[in-house]
Amino acid sequence: MADLRRERIDYEADPLLEAEVPSDPFVLFGEWLDDALAAKDQGLLEPTAMTVSTVAHDGDEWQPQARVALLKGYDERGFVFFTNYESAKGREIAANPRVCASFFWMQLSRQVRIDGVAEKISAEESDDYFAIRPRGAQVGAWASRQSAEVANLAELETAYEEADLRFPDDPVPRPPHWGGYVIVPHRIEFWVGRRSRMHDRLVYTHNETRWTVGRLAP
Ligand SMILES: Cc1cc2nc3c(=O)[nH]c(=O)nc-3n(C[C@H](O)[C@H](O)[C@H](O)COP(=O)(O)O)c2cc1C
């Protein structure tokens, strides 16, 4: 087995300084996302991929759950992704809307962590996005009871074929159980990798009406 203890790369990004960052974390996020979107030729192929973490309440225990989802937009409200509202994550959010979304853009030595509360977006906004998805993904949203246990692959394939036949004509309507969430943030941390593990971490915290910036030890 490889000696994982010796697996390491050094990070050497430019410093992240309080005096140089915008007062609005959405502005900084937008700059970083643009950099990530422009880094495909460096191998950054899924710049919008984020890990969305929820807290599941399992019996008497709290159990964190994390999975990747794609960011489909952001605005002054927060960060939008789409999913099945009846999936495990959908049920977890219904019980406890506190979530964390994190991005790791390795080619840029950057990480962003967003703490916030997930809220369903409007049906109209979900319709708008559903309408521009490829037909296969639209049919799949009807066919897949996301997170439910299935007996075998054939069951899923049959469900897809049935959904495909049920909606022979375009446009395929949006299933009521499928739509978007906006993560309304109250804390956003920006991390850049620096030499000797002395990374920079600036954290924006929302206090009633404004954002304040602080620094965390790496
Ligand atoms: C790159 C990537 C992108 C994904 N994007 C989404 C997405 O936007 N929405 C979604 O519901 N699942 C997405 N998934 C699948 C989720 O990671 C997960 O398997 C699924 O949502 C079920 O999660 P749950 O059972 O915790 O609800 C993506 C997975 C990967 C690896």
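Keep in mind the model is a prediction, meaning the values are calculated, not measured. (Residues numbered from 1 in each chain as written. Predicted model: local features only at pLDDT ≥ 70, side-chain atom pairs only at ≥ 80, totals over all residues. Heavy atoms only, no water.)

*Asks:* Mind showing me how you'd approach unusual backbone geometry here?
*Replies:* Note: most peptide bonds trans; most residues except glycine with negative phi. Residue Asp170 is joined to Pro171 through a cis peptide bond whose omega torsion reads 0°. Within the secondary structure layout, Pro171 lies in the loop between helix H5 (153-166) and strand E7 (178-192). You will see that Ser147, though not glycine, has its phi angle at about 85°, which is positive. Within the secondary structure, Ser147 is located in the loop between helix H4 (135-143) and H5. Judged by relative accessible area, Ser147 falls into the partly exposed class, the value being 48%. With phi around 65°, Arg197 is a residue other than glycine that occupies positive phi space. (Helix = DSSP H or I, 4+ residues; strand = E, 2+ residues; numbered from the N terminus. Buried < 20%, exposed > 50% of the residue type's maximum accessible area, 1.4 Å probe, protein only.)

*Asks:* Would you take a moment to explain the pairing of strand E2 (residues 61-70) for this structure?
*Replies:* Of the pairings in the sheet, the one linking strand E1 (residues 49-58) to E2 comprises 10 bridges and is antiparallel in character. Across the sheet, residue Val52 finds its bridge partner in E2, namely Arg67. (Pairing = 2+ DSSP bridges.)

*Asks:* Looking at this structure, I do not really get the pattern of salt bridges. What am I missing?
*Replies:* Pairs can form between side chains of opposite charge whenever their charged atoms are close. Counted by the stated rule, this structure contains 16 salt bridges. Connected through salt bridges with shared partners, the residues Glu18, Arg194, Asp200 and Arg215 form a single ionic network. (Salt bridge = Lys/Arg side-chain N within 4 Å of Asp/Glu carboxyl O.)

*Asks:* Looking at this structure, how should I read the packing of H4 against H5?
*Replies:* Helix packing for two helices is described by the angle between their axes and how far apart those axes are. Between H4 and H5, whose axes approach to 8 Å, the crossing angle comes to 115°. For the element pair H4 / H5, the angle class is roughly perpendicular. The handedness of the crossing between H4 and H5 comes out as right-handed. Residue-level inspection shows Arg135, Gly136, Val139, Gly140, Trp142 and Ala143 of H4 in contact with H5, the latter providing Ala159, Tyr160, Ala163, Asp164 and Arg166. Across the contact of H4 with H5, the residue classes tally to 6 nonpolar, 2 polar and 3 charged. (Axes fitted to C-alpha atoms, helices over the stretch in contact; angles between N-to-C directions. Parallel < 35°, antiparallel > 145°, perpendicular 65-115°, else oblique. Left-handed = near helix turned anticlockwise from the far one by under 90°. Contact = heavy atoms within 4.5 Å. Nonpolar A, V, L, I, M, F, W, Y, C, P; charged D, E, K, R; others polar.)

Note that all results are geometric; they support no functional claim without further evidence.
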